[in-house]
Amino acid sequence: MGDRLKGKTALVTSAAQGIGRSTAIAMAREGAKVYATDIREDLLAGLAKEASGIETFPLDVLKTEAIAEAARRAADVDVLFNCSGYVHNGTILDCDEKSWDFSFDLNTKAHYRMIKAFLPAMLERGKGTIVNMSSVASSIKGVPNRFVYGATKAAVIGLTKALAADFVGKGIRCNAICPGTVDTPSLNDRMRQQGDYEKARAAFIARQPMGRMAMPEEIAALVIYLASEESAFITGQTFVIDGGWSG
């Protein structure tokens, strides 16, 4: 337990599992009041028991009106962690327009929707911190079979830098985190879908110079830093946390 986020109110999207869940718990344990949201209400159940200060409610970040309602309900948010994302597998030849549109909707436009809804209240208070989920598979590094995913995550980096530049003088900070391979439930699901789970897992580990994948808690620790006053002089930056994969 700590107090690095004492007095702060945070909202986390895609908080039901993986990085989002670990971050919501870590934020609460650092003293923040946390709204943990996700479309999977069933998986949110029990999250509030992990740490005091967590309130959960369902949120579909693809729906503008649902986000507007969330902004009314959580009007005191001064830390926003946009964690939603979807990994499409394949090259441009495997990516039809439906896959393209859905990937950009969830990976990029959802961040836009959330920021546009929550930023006005932050500006009224003269302070706010936004952390966007990007990826090392973006403008940072080309990764095979991650065509549209990489495009969406590169867009998140551009969105982050533009937002930071627009509001740097108004108390708003905005940064992006760019993880490498993280051992999450969604990754494990994708490995199972390949038919040979152990072979797929070994392949993911083999591409990591450290010889292992990151744990969600390690990514959460970076979000805590960016949400805290320890990073008060940092905005418009991309933070790579990939175990040396892009080095």
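Here, the structure is the one placed above.
One structure accompanies this document, and this report is about it. What you are looking at is a predicted structure, and each value in this text was computed from that prediction instead of being measured. (Residues numbered from 1 in each chain as written. Predicted model: local features only at pLDDT ≥ 70, side-chain atom pairs only at ≥ 80, totals over all residues. Heavy atoms only, no water.)

Some thoughts on the overall build of the protein chain
Counting its regular elements, the protein chain contains 8 helices and 7 strands. Taking 18 Å as the expected radius of gyration for a compact globule of 247 residues, we find that the protein chain reaches 17 Å, a close match to that expectation. With respect to the three principal axes, the spread of C-alpha positions in the protein chain is 50 × 35 × 35 Å. Sorting the 247 residues of the protein chain into buried and exposed places 50% on the buried side. Looking at the protein chain alone, contacts between residues at least 24 apart form 70% of all its contacts between residues at least 6 apart. Carbon and sulfur atoms form 54% of the exposed surface of the protein chain, whose accessible area is close to 11,400 Å². Distance from the positive charge centre (29 side chains) to the negative charge centre (28 side chains) of the protein chain: 2 Å. (Helix = DSSP H or I, 4+ residues; strand = E, 2+ residues; numbered from the N terminus. Rg over C-alpha atoms; globule rule 2.2 N^0.38 Å. Buried < 20%, exposed > 50% of the residue type's maximum accessible area, 1.4 Å probe, protein only. Contact = heavy atoms within 4.5 Å. Areas by Shrake-Rupley, 256 points an atom, 1.4 Å probe, with all protein chains shown as cover. Lys, Arg positive; Asp, Glu negative; His and termini not counted. Charge placed at Lys NZ, Arg CZ, Asp CG, Glu CD.)

Some remarks on unusual backbone geometry
Positive phi values are uncommon outside glycine, yet Ser14 reaches one of about 50°. Residue placement: Ser14 occurs in the loop between strand 1 (9-12) and helix 1 (18-29). In this model, Asn145 sits at a positive phi of 60°, which is unusual for a non-glycine residue. Structurally, Asn145 is set in the loop between strand 5 (128-133) and helix 5 (147-167). With a relative accessible area of 36%, Asn145 lands in the partly exposed category.

Describing the packing of helix 3 (residues 64-73) against helix 4 (residues 97-125)
The N-to-C vectors of helix 3 and helix 4 enclose an angle of 35°; their axes lie 9 Å apart at closest approach. For the element pair helix 3 and helix 4, the recorded crossing hand is right-handed. Here Thr64, Ile67, Ala70 and Ala71 of helix 3 come into contact with helix 4, specifically with Arg113, Met114, Ala117 and Phe118. (Axes fitted to C-alpha atoms, helices over the stretch in contact; angles between N-to-C directions. Left-handed = near helix turned anticlockwise from the far one by under 90°.)

Describing the layout of surface pockets
Here the largest pocket is characterised by a volume of approximately 1,300 Å³. Around the largest pocket, the lining is made up of 47 residues, and of these Gly85, Tyr86, Val87, Ser186 and Arg190 lie nearest the centre. Those elements giving two or more residues to the lining of the largest pocket turn out to be helix 1, strand 2 (33-38), helix 4, helix 5 and helix 6 (185-193). With 6 residues, helix 6 is the single largest residue contributor to the lining of the largest pocket. When the residues that make up the lining of the largest pocket are grouped by side-chain class, the tally is 21 nonpolar, 18 polar and 8 charged. The computed volume of the second largest pocket comes to approximately 170 Å³. Asn89, Val143, Pro144, Asn145, Arg146, Gln194, Ala200, Ala203, Phe204 and Arg207 together form the lining of the second largest pocket. For the lining of the second largest pocket, the per-class residue count stands at 5 nonpolar, 3 polar and 2 charged. (1 Å grid on protein atoms, 1.4 Å probe; cavity = no way out; pocket = protein on both sides within 12 Å on 5 of 7 lines; lining within 4 Å. Points joined across faces, edges and corners; volume = space filled by probe spheres on them. Nonpolar A, V, L, I, M, F, W, Y, C, P; charged D, E, K, R; others polar.)

Some thoughts on the pairing of strand 1
Neither face of strand 1 is exposed, since Thr9 and Leu11 on one face and Ala10 and Val12 on the opposite face are all buried. As a crossover connection, the stretch from strand 1 through helix 1 into strand 2 is right-handed. Relative to strand 4 (residues 79-82), strand 1 runs parallel, the two being bridged by 3 bridges. Looking across to strand 4, one finds that Val12 is bridged to Phe81. (Right-handed = clockwise from strand over helix to strand, strands pointing away. Pairing = 2+ DSSP bridges.)

Points about the packing of helix 6 against helix 7 (residues 197-206)
Two numbers describe how helix 6 lies on helix 7: the axes approach to 7 Å, and their chain directions differ by 125°. One finds that helix 6 runs oblique with respect to helix 7. Crossing of helix 6 against helix 7: the hand is right-handed. Seen from helix 6, the contacting residues are Leu187, Asn188, Met191 and Arg192; seen from helix 7, they are Tyr197, Ala200, Arg201 and Phe204. Its residues assigned to classes, the contact of helix 6 with helix 7 shows 5 nonpolar, 1 polar and 2 charged. (Parallel < 35°, antiparallel > 145°, perpendicular 65-115°, else oblique.)

Things to note about the sheet that holds strand 6 (residues 172-179)
Overall, parallel pairing links the 7 strands, which are arranged 3-2-1-4-5-6-7 in an open sheet. The sheet is open, and its two edges are formed by strand 3 (54-58) and strand 7 (238-241), each paired on a single side. Averaged over all neighbouring strand pairs, the angle between strand axes comes to 20°, with direction disregarded. Bridge count between strand 4 and strand 5: 4 bridges; the pairing is parallel. Bridge pairing in strand 5 links Asn82 to Asn132. Helix-sheet contacts for helix 4 involve strand 1, strand 4, strand 5 and strand 6, and the interaxial angle to strand 4 is about 175°.

Some details on the side chain of His111
Following the sequence through the fold, His111 ends up in helix 4. Residues in contact with His111, not counting those within four places in the same chain, are Asn82, Cys83, Ser84, Asn132, Met133 and Val156.

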